[in-house]
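Coordinate analysis (summary)
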Amino acid sequence: FHICPKVRWADVVNCDDETWRAGFGDAISRQHIDFVLADSKTLRVRVLIELDDVSHAAPHRQARDRFLETVTASAGVTLLRIPTRAEYDRVKLRARVYRALRSA
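In short, a report on the structure. Chains are numbered independently. Their residues run from 1 in the order of the written sequence. Where local features are concerned, this predicted model is filtered to residues with pLDDT of at least 70; where side-chain atom pairs are given and counted, the filter is 80 or more; whole-chain, interface and lining totals use all residues. Side-chain calculation: all heavy atoms of the structure are included, whereas hydrogens and water are not.

Details of the pattern of salt bridges
Definition used for salt bridges: Asp or Glu carboxyl oxygen within 4 Å of a side-chain nitrogen of Lys or Arg. Throughout the structure, instances matching the rule amount to 6 salt bridges. Between D65 and R64 there is a salt bridge, with the nearest N and O atoms lying 2.9 Å from each other. For D65, a relative accessible area of 7% corresponds to the buried category. Whether a residue is buried, partly exposed or exposed follows from its accessible area with a 1.4 Å probe, protein chains only, as a fraction of its type maximum: under 20%, in between, or over 50%, in that order. Here R64 falls in the buried class, since its relative accessible area comes to 14%. In this structure, D65 engages R81 in a salt bridge whose closest nitrogen and oxygen atoms are separated by 3.0 Å. Here the residue D65 occupies a position in helix 2 (residues 59-75), and R81 occupies one in strand 4 (residues 78-83), the gap between them amounting to 16 residues. When sorted by exposure, D65 lands in the same class as R81, which is buried. Several salt bridges share partner residues, and in doing so they unite E50, D52, R64, D65, E69 and R81 into one network. Numbered from the N terminus, helices here are DSSP runs of H or I no shorter than four residues, and strands are runs of E no shorter than two.

Have a look at this one:
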């Protein structure tokens, strides 16, 4: 896989002109996903990874997260949310990523 850090949501999902002008395009173009896992041969997006720090507990961030979850589900893209930590268990993290890849 290619691992692409800090990718604009609008580079992964898109909408038609009417929906873009209705405000949804602006909403997705200002947001970034922490990591995109893409197939190394086709560059097809397989999994999006969002690292959730404490800021995701704020009401405005929860609203943003719900919006982006709806967008990715509508686009048929798998979103994996991972709470941030100072240190990760590599075995458990790898297992979560592979589960997400199998469902993608």
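A look at the environment of F24
Relative to the assigned elements, F24 resides in helix 1 (residues 17-29). A sequence separation of 11 residues divides F24 from F35, and the C-alpha atoms of the two residues are 21 Å apart. If sequence neighbours within four positions are ignored, F24 has contacts with T19 and F67. Residue contacts follow a heavy-atom distance rule, with two residues in contact if any of their heavy atoms lie within 4.5 Å.

Keep in mind these values describe shape, not function.
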